[in-house]
Amino acid sequence: MEKKEISAVVEAQRKFFASNATLSVKFRKEYLKNLKTALLKNEAEISAAIKKDLGKSSFESFMCETGMVIDEINFMLKHLSSLAKKKRVHTPISQFASNSYTISCPYGVTLIMSPWNYPLLLTLDPLVDSIAAGNTAVLKPSAYSPATSAVIQKITESVFPKEYVAVITGGREENAHLLDEKFDYIFFTGSKAVGKEVMAKAARHITPLTLELGGKSPCIIDSGANIKLAAKRIAFGKYLNCGQTCVAPDYILCEKSVKDKFLSFLKSEITEQYGNEPLQNENFGRIINEKHFSRICALINNSKTLYGGKFDADSLKIEPTVMDNVTPSDAVMQEEIFGPILPILTFDDIDEAISFVNKREKPLALYIFSSNKKNIKKVTSLCSFGGGCINDVVVHIATSSMGFGGVGESGIGAYHGKAGFDAFSHSKSIMDKKTWLDIPLRYQPYTKSKEKFLKKLFK
């Protein structure tokens, strides 16, 4: 799309927002209901598109994408009236007589830029939050998942007028044109490298933003863990979507005394869940494109591959792979893997594991498998990370009752549920001062007696 066409879309949305139509909670709810209806009606087409882009099964598509968007809509339909209400807050005695409150106001025209790994979820989940908060939205789905982008465009155009929600497809040129526009809020999900560019562009207009990035999310297993269950849950979370999940366990930090036991259970679980021939498993996804396939294959060190390691360039599939005796200097530890390779590193005591994590960039997620409450408290208190699980992986994102987001290098801000509504809203603070009383304390002339009385108020 040409730059002038994109500018026209943004301008049309700015005019629509200025009409105040989106300020009505009833108006927002109606469109959220319509979006839910459209998602259910087009479920089969959504599943087929995601299968074409990523090889996901219909079960996985609904569980991890369509179903989660519907869950977010359901949360907003249930709680939106309460979230949008004026909130009374405490007023200090020094400001008698008055009352204070906050009101949540939409930013205006928002830009939502989404990635390819969960193309429906990561486009429409923030859209639900933006609409619930009363904004208009321009959606920019990834060019790497064109089939899903086309379905997103079809669904949104069937539900929303373009001056309310518009979809811009295309690649880098369209991204650049969009980031040259002045938006009132930007929501970006993707790599840290592109996130830096988005933040730099936003700074030109001092545009507030949320960055949902990634990083190397560690998974710690100590000697007190239920090793068999840990292996089962890690095999699911790591190889879900062929490892292309931003919160997947990127590497394992396993206590040395239980490493062999864990590896034995992990190999059994991979076979149990993905079969003896994972490359032939139609429910096991594929890598998004040749570029990422080649990058991931280059991270596999055959001399350290304990399980898997095979791949098929024609189908862009890579087996669930486990690498043992990995060191921090290995290539697989130099970048976020974002693929079905699981490196295993070891530690002797929990403080060593904590030190290892804290010496690196702050991850989007952290997981610990343990029954030792002291170790759990230490890890969750002393390590800085976006969010995570105790004795599970990935599933902390599957709720609208907690915010999801990164910290430091793994992101800025959070969304889902109330956190999502808050992300796309400005909380406006207002003090309503009464006119029937006007205490003269603050006015000049200032006297010693006034000063003495003032100080008493703060004791």
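Refer to the structure presented above.
As the structure is a computational prediction, the values presented were derived from the model and not from experiment. (Residues numbered from 1 in each chain as written. Predicted model: local features only at pLDDT ≥ 70, side-chain atom pairs only at ≥ 80, totals over all residues. Heavy atoms only, no water.)

> Requested: an account of the overall build of the protein chain, with residues and values cited.
Counting secondary structure elements, the protein chain contains 15 helices and 20 strands. Its C-alpha radius of gyration of 25 Å places the protein chain within 12% of the 23 Å reference for a compact globule of 459 residues. Overall, the protein chain is about 85 × 55 × 35 Å in size when its C-alpha atoms are taken along their principal axes. Across the 459 residues that make up the protein chain, the buried fraction comes to 53%. Pairs at least 24 apart in sequence give 73% of the contacts found in the protein chain among residues at least 6 apart. (Helix = DSSP H or I, 4+ residues; strand = E, 2+ residues; numbered from the N terminus. Rg over C-alpha atoms; globule rule 2.2 N^0.38 Å. Buried < 20%, exposed > 50% of the residue type's maximum accessible area, 1.4 Å probe, protein only. Contact = heavy atoms within 4.5 Å.)

> Can you lay out the sheet that holds strand 6 (residues 185-189) for me, pointing to particular residues and giving the numbers?
Picture the strands of a sheet paired through backbone hydrogen bonds; they go either parallel or antiparallel. Pairing in this open sheet of 6 strands is mixed, and the strands run 5-4-3-6-7-18 from one edge to the other. In this open sheet, the two edge strands, each paired with only one partner strand, are strand 5 (165-167) and strand 18 (411-412). In terms of strand pairing, strand 4 (residues 136-140) meets strand 5 through 3 bridges, oriented parallel. When the bridges of strand 5 are listed, Val 138 appears paired with Ala 166. Along the sheet, helix 5 (residues 121-132) contacts strand 3 (109-113), strand 4, strand 5 and strand 6; its crossing angle with strand 4, the most-contacted strand, is approximately 170°. (Pairing = 2+ DSSP bridges. Axes fitted to C-alpha atoms, helices over the stretch in contact; angles between N-to-C directions.)

> Now, about the sheet that holds strand 9 (residues 251-255): what can you tell me, with residues and values included?
The 7 strands are arranged 10-13-14-9-8-15-16 in an open sheet whose pairing can be described as mixed. Among the strands making up the open sheet, the edge pair consists of strand 10 (305-307) and strand 16 (387-390). Across this sheet, the average inter-strand angle for adjacent strands is 25°, counted without regard to direction. Against the sheet, helix 9 (residues 227-239) contacts strand 8 (218-221), strand 9, strand 13 (321-323), strand 14 (341-347) and strand 15 (365-369), and its axis sits at roughly 140° relative to strand 14.

> Tell me about helix 11 (residues 290-297), and please be specific about residues and values.
Every buried residue belonging to helix 11 is among His 292, Phe 293, Ile 296 and Cys 297, and all of these are buried. The buried residues of helix 11 occupy an angular sector of 130° when the element is viewed end-on, so they sit on one face. Seen from the buried face of helix 11, the exposed residues on the opposite side, beyond 90 degrees, are Glu 290 and Lys 291. (Arc of directions from axis to C-beta.)

> Give me the pattern of salt bridges: which residues, what numbers.
According to the stated counting rule, one finds 18 salt bridges in the structure shown. Note that Glu 65 is salt-bridged to Lys 56, the shortest N-O span being 2.6 Å. The residues Glu 65 and Lys 56 share a single accessibility class, namely buried. A salt bridge links Glu 157 to Lys 162; the nearest nitrogen and oxygen atoms lie 3.9 Å apart. In this structure Glu 157 comes out as partly exposed when scored by relative accessible area, which is 39%. Note on Lys 162: relative accessible area 53%, which makes it exposed. (Salt bridge = Lys/Arg side-chain N within 4 Å of Asp/Glu carboxyl O.)

> With reference to specific residues and values, describe unusual backbone geometry.
Backbone phi values are negative for most residues with the exception of glycine, while trans is the configuration of most peptide bonds. Between Phe 96 and Ala 97 the backbone carries a cis peptide bond, its omega angle lying at 0°. One can find Ala 97 in the loop between strand 1 (87-89) and strand 2 (98-106). Cis rather than trans, the peptide bond between Gln 444 and Pro 445 has omega equal to 10°. Among the structural elements, Pro 445 can be located in the loop between strand 20 (425-433) and helix 15 (448-457). Although it is not a glycine, Asn 325 adopts a positive phi angle of roughly 55°. Looking at the element boundaries, Asn 325 is found in the loop between strand 13 and strand 14.

> Quick one: what's the story with the pairing of strand 4, residue by residue and with numbers?
Judged by how many residues are buried, strand 4 sits mostly within the fold: 5 of 5 residues are covered. Both faces of strand 4 are covered, namely the face carrying Thr 136, Val 138 and Lys 140 and the face carrying Ala 137 and Leu 139. Summarising the sheet, strand 3 and strand 4 pair through 5 bridges and their orientation is parallel. Bridged to Met 113 within strand 4 is Lys 140. Note that the unit made of strand 3, helix 5 and strand 4 has a crossover that is right-handed. As for the winding sense of the linkage, the β-α-β connection from strand 4 through helix 6 (residues 146-159) to strand 5 is right-handed. (Right-handed = clockwise from strand over helix to strand, strands pointing away.)

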